[in-house]
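Structure at a glance
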Amino acid sequence: MRLIDARHIDFGHGGQRVLQNVSMSLDEGEIVTIVGPNGSGKSTLLRLLIGALKPQKGSVTRASGLRIGYVPQKLHIDPTLPITVARFLNLPKPVPAKAATEALRTAGVAGLDRQQMSQLSGGQFQRVLLARAILANPHVLMLDEATQGLDQPGSAAFYRQIAAVRQDLGCAVLMVSHELHVVMSASDRVICLNGHICCEGTPEVVTAAPAYRELFGTGTGGALALYRHDHDHDHSHHHHEAAE
Amino acid sequence: MLDDFLLRAALAAVGTAVAAGLLGCFVVWRRMAYFGDATAHAAVLGVALALLFGTSITLGVGIVALCMAVLIHSLSGQGVAVDTILGVLAHGALALGLVAVTLVPGQRIDLDAYLFGDVLSVTRADLAVIWGGGVLLVGVLWWHWSAMLTATLNPDLAHAAGINPRRQQLILTVLVAAVVAVAIKVVGALLITALLIIPAASARSFASTPERMAFFAMAIGALSALGGLRLAVHFDTQVGPSIICVAVLIFAVSRVGKYLPRLPV
């Protein structure tokens with residue numbers, strides 16, 4: 001079953017084109033990773049898919065009654081707003097206490113219920129966000145650079161957690177990342193984005209694609225390649241942090 | 001019943017302060033203090049227009065505050081920096097209101113009542129408006145509580161859950177306008193924002209969840225209202241500013257209290 005279908009979407013703000021003629025879809029149970037350099041429109045695409053933004057051209061269709069478990073890139077909670085982990089998990093819909101406890105365990109942060117959100121470490125915070133996303137019993141889990149601010153072992157552990165969660169729930173997963181070496185191998189499909197879709201397919205196909213090699217270089221597959229890309233690659237028209 | 005003007009004043013002040021305390025939590029969480037100020041300043045223009053057209057003050061203030069609130073709301077959606085525009089609109093409306101009031105034909109109007117409140121002169125009809133409006137406000141916030149809280153935490157999180165954060169913001173905007181219309185009688189246009197944010201800010205020190213903070217804010221609002229009225233009667237001072245003075249005192253105590261051993265709440 002098709003969960004989300006985006007066709008020929010264009011999006012820009014302030015006269016800057018962020019996305020151009022992007023078409024993609026997500027099917028039930030699929031793991032899709034969107035990779036691309038900073039400012040390539042990854043977060044914008046995700047926000048278009050959840051409906052937080054409206055495309056200027058093209059269309060986004062979501063299956064009716066689609067439940068999305070969304071894990072944002074970062075979540076700033078105003079210090080004037082006191083909120084415990086348990087309360088946070090009950091937003092927007094109340095969940096049984098047992099389910100909340102279970103979700104925290106699944107996300108790898110059992111027993112944090114009574115902590116204030118503001119007192120959590122970066123890794124704990126992302127996992128609590130994941131627990132909240134799980135509680136929606138989602139058809140699709142959407143993660144926007146969910147491991148930002150985590151160190152390498154931390155983010156590797158986080159992605160292992162995602163894989164485990166997906167096994168449990170059988171939901172589709174749509175991830176945005178620039179840590180390709182960590183996420184690619186687990187993906188069914190990889191979409192390489194840089195304002196437009198450069199290439200897509202299985203991890204093997206994408207890794208071999210010239211457009212991908214041009215973007216990320218070969219061999220290094222890490223932050224180094226990304227940086228080099230930012231300065232010498234020129235088929236992008238916008239290197240600003242448009243919507244990250 | 002309710003013949004005693006002090007009793008009426010107390011009921012009016014408590015009703016307003018409780019409603020403002022609850023709504024004030026969202027004003028604090030969403031950093032809308034300046035927005036509240038702009039809406040409140042526009043209220044003076046509402047007073048002038050109401051006097052010119054001979055309608056009720058509450059209605060005039062309500063309409064102008066609502067227009068101002070919706071205007072700011074739509075501007076804030078355009079991605080422009082609203083800070084400066086807010087300043088222009090707020091003080092523009094205030095100045096225009098002050099000028100317009102002096103142009104109203106007939107006897108000279110005592111502006112103090114609208115700038116600093118005149119709770120000792122509330123009528124039973126005022127009380128009905130205050131408590132009716134207060135109950136409505138609590139009802140609306142109760143109904144939208146979870147959605148509004150989610151939208152306050154993060155708009156994208158709300159979108160993903162099928163909640164429209166802009167709609168939640170519009171509801172809050174309208175509620176702020178309503179509180180302004182009601183509170184102008186109690187604390188006056190200049191101090192309405194204080195009634196919104198100070199009880200909520202004080203409640204922050206004691207609360208571990210949003211609901212507790214809202215509850216404490218309402219309680220602190222009521223306490224400030226009663227304490228302020230008592231002080232005003234005792235020292236023969238203006239009621240509105242006295243209420244805010246008590247609220248500030250409670251705020252100061254709450255900040256000091258933060259450094260004492262925490263209560264298990």
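Residues numbered from 1 in each chain as written. Chains lettered and ligands numbered in written order. Predicted model: local features only at pLDDT ≥ 70, side-chain atom pairs only at ≥ 80, totals over all residues.

**A word on the overall build of chain A**
Let me state the cut-off plainly: Counting from the N terminus, the helices are the DSSP runs of H or I reaching at least four residues and the strands are the DSSP runs of E reaching at least two. Exposed residues have 12 or fewer other C-beta atoms within 10 Å of their own C-beta, buried residues have 20 or more, and partly exposed residues fall in between, where C-beta atoms are placed from the backbone. Here, residue contact means that the backbone-derived C-beta atoms of the two residues sit within 7 Å.
When helices and strands are counted, chain A shows nine helices and nine strands. Relative to its full complement of 244 residues, chain A shows a buried share of 45%. Restricting to contacts in chain A with at least 6 residues of sequence separation, those with at least 24 account for 69%.

**Digging into the overall build of chain B**
Stated formally: Within these notes, the globule rule equals 2.2 Å times the number of residues to the 0.38 power, and the radius of gyration is based on C-alpha atoms.
What chain B contains, in helices and strands, is eleven helices and zero strands. Element order for chain B, N to C, with α for helix and β for strand: α-α-α-α-α-α-α-α-α-α-α. The C-alpha radius of gyration of chain B comes to 18 Å, within 12% of the 18 Å expected for a compact globule of 265 residues. Viewed in the frame of its principal axes, chain B has a C-alpha envelope of about 55 × 45 × 35 Å. Going through the 265 residues of chain B one by one, you find that 52% of them count as buried. In chain B, once contacts between residues fewer than 6 apart in sequence are set aside, the share between residues at least 24 apart is 74%.

**A look at the interface of chain A and chain B**
The line we're drawing: Under the grouping applied here, Gly and all other residues not named as nonpolar or charged are polar, the nonpolar ones being Ala, Val, Leu, Ile, Met, Phe, Trp, Tyr, Cys and Pro and the charged ones Asp, Glu, Lys and Arg.
Opposite the 20 residues of chain A that make contact, chain B presents 21 residues. Broken down by secondary-structure element, the contributors of at least two residues to the side of chain A that touches chain B are α1 (42-50) and β5 (68-71) of chain A. Residues belonging to the side of chain A that touches chain B are distributed by class as follows: twelve nonpolar, four polar and four charged.

**Observations regarding the sheet that holds strand β6 (residues 140-144) of chain A**
Residues and elements named next belong to chain A. How we decide: Being paired, for any two strands, means DSSP has found at least two bridges between them. Inter-axis angles, ranging from 0 to 180 degrees, are taken between N-to-C directions of lines fitted to C-alpha atoms, where helices are fitted over the stretch in contact.
Spatially, six strands are ordered β5-β6-β7-β3-β8-β9 in an open sheet, and the strand pairing comes out mixed. Looking at which strands have only one partner, the edges of the open sheet turn out to be β5 and β9 (197-201). Neighbour to neighbour, the strand axes of the sheet diverge by 15° on average, direction disregarded. Of the strand pairs in this sheet, β5 and β6 are connected by four bridges, and their pairing is parallel. Across the sheet, V71 pairs through a bridge with L143, a residue of β6.

**Section: the sheet that holds strand β1 (residues 2-13) of chain A**
Residue and element names in this part refer to chain A. Reading across from one edge, β2-β1-β4 is the order of the three strands in this open sheet, with antiparallel pairing throughout. The open sheet has two edge strands with one neighbour each: β2 (16-27) and β4 (57-62). This sheet shows a mean twist of 15° between the axes of neighbouring strands, independent of strand direction. Packed onto the sheet, α1 meets β1, β2 and β4 and runs at close to 125° relative to β1.

**Looking at the domain arrangement of chain A**
All names here are of chain A. How we decide: What marks off one domain from the next here is an automatic or database domain assignment.
Here chain A is described as being made up of domain 1 (1-55 + 151-244) and domain 2 (68-137). Contact with domain 1, which involves eight residues of that partner, is made by ten residues of domain 2. At the level of secondary structure, the elements contributing two or more residues to the side of domain 1 that touches domain 2 comprise α1 and α5 (152-169). Element by element, the count of residues in the side of domain 1 that touches domain 2 is highest for α5, at six residues. Residues belonging to the side of domain 1 that touches domain 2 are distributed by class as follows: four nonpolar, three polar and one charged.

**Remarks on the nonpolar core**
Note the cut-off: Put simply, a nonpolar core is a cluster of buried Ala, Val, Leu, Ile, Met, Phe, Trp, Tyr and Cys residues tied together by C-beta atoms within 7 Å.
Grouped together as the largest cluster of nonpolar side chains are 171 residues, with contacts concentrated most on A13, L23, A43, A65, V179 and V180 of chain B. By residue number, the principal contributor to this core is helix α1 (residues 5-29) of chain B, which donates 16 residues. Shared between two domains, this core holds at least three residues of each, these being domain 1 (1-55 + 151-244) and domain 2 (68-137) of chain A.

**So, the packing of helix α2 (residues 33-53) of chain B against helix α8 (residues 165-183) of chain B**
All names here are of chain B. Basically, it comes down to this: Small angles under 35 degrees read as roughly parallel and large ones over 145 as roughly antiparallel, with 65 to 115 read as roughly perpendicular and the rest as oblique. Helix crossings get a hand from a simple test, with the near helix turned counterclockwise from the far one by less than a right angle marking a left-handed crossing and a clockwise turn marking a right-handed one.
Across the interface, α2 lies against α8 with an axial gap of 9 Å and an inter-helix angle of 45°. Between α2 and α8, the angle falls in the class oblique. The two elements α2 and α8 meet at a crossing, and its hand is right-handed. For the pair α2 and α8, the contacting residues are G36, T39, A40 and A43 in the first and V176, A177 and V180 in the second. Across the contact of α2 with α8, the residue classes tally to five nonpolar, two polar and no charged.

**Some words on the packing of α1 of chain B against α8 of chain B**
Residues and elements named next belong to chain B. One can describe the packing of α1 onto α8 by two numbers: an axis separation of 10 Å at closest approach and a directional angle of 150°. Regarding the angle of α1 to α8, the classification is roughly antiparallel. In this structure, α1 meets α8 at a crossing whose hand is left-handed. On α8, the residues that touch T16, A19, A20, L23, F26 and V27 of α1 are L172, L175, V176, V179, V182 and A183. Class assignment of the residues belonging to the contact of α1 with α8 gives a composition of eleven nonpolar, one polar and no charged.

**A few points about the environment of S121 of chain A**
All names here are of chain A. Mapped onto the fold, S121 is located in the loop between α3 (97-106) and α4 (122-135). Note on S121: 12 C-beta atoms within 10 Å, which makes it exposed. Residues S121 and V205 lie 84 residues apart in sequence; the distance between their C-alpha atoms is 37 Å.

**Thoughts on unusual backbone geometry**
Residues and elements named next belong to chain A. For the peptide bond that leads from L91 to P92, omega is -5°, which places it in the cis range. Turning to its location among the elements, P92 is positioned in the loop between α2 (85-89) and α3. Its identity as a non-glycine residue notwithstanding, N21 has a phi of 50°, on the positive side. Looking at the secondary structure, you find N21 in strand β2. Non-glycine residue N137 carries a positive phi angle of around 45°. Structurally, the position occupied by N137 is in the loop between α4 and β6. Judged by the 13 C-beta atoms lying within 10 Å of it, N137 is partly exposed.

**Things to note about α5 of chain A**
All names here are of chain A. Condition: Multiply 1.5 Å by the residue count of a helix minus one, and that product is the helix's expected span. What the arc describes is the spread of directions from the helix axis to the C-beta atoms.
For α5, spanning 18 residues, the distance from its first C-alpha to its last is 26 Å, which sits close to the expected 26 Å at 1.5 Å a residue. Residues of α5 that are buried: S155, F158, Y159, I162 and V165. Projection of α5 onto a plane perpendicular to its axis shows the buried side chains occupying an angular sector of 115°, all on one side. Turned more than 90 degrees off the buried face of α5, the exposed positions are P153, Q167 and D168. G170, located one to two residues past α5, shows a positive phi value of around 70°.

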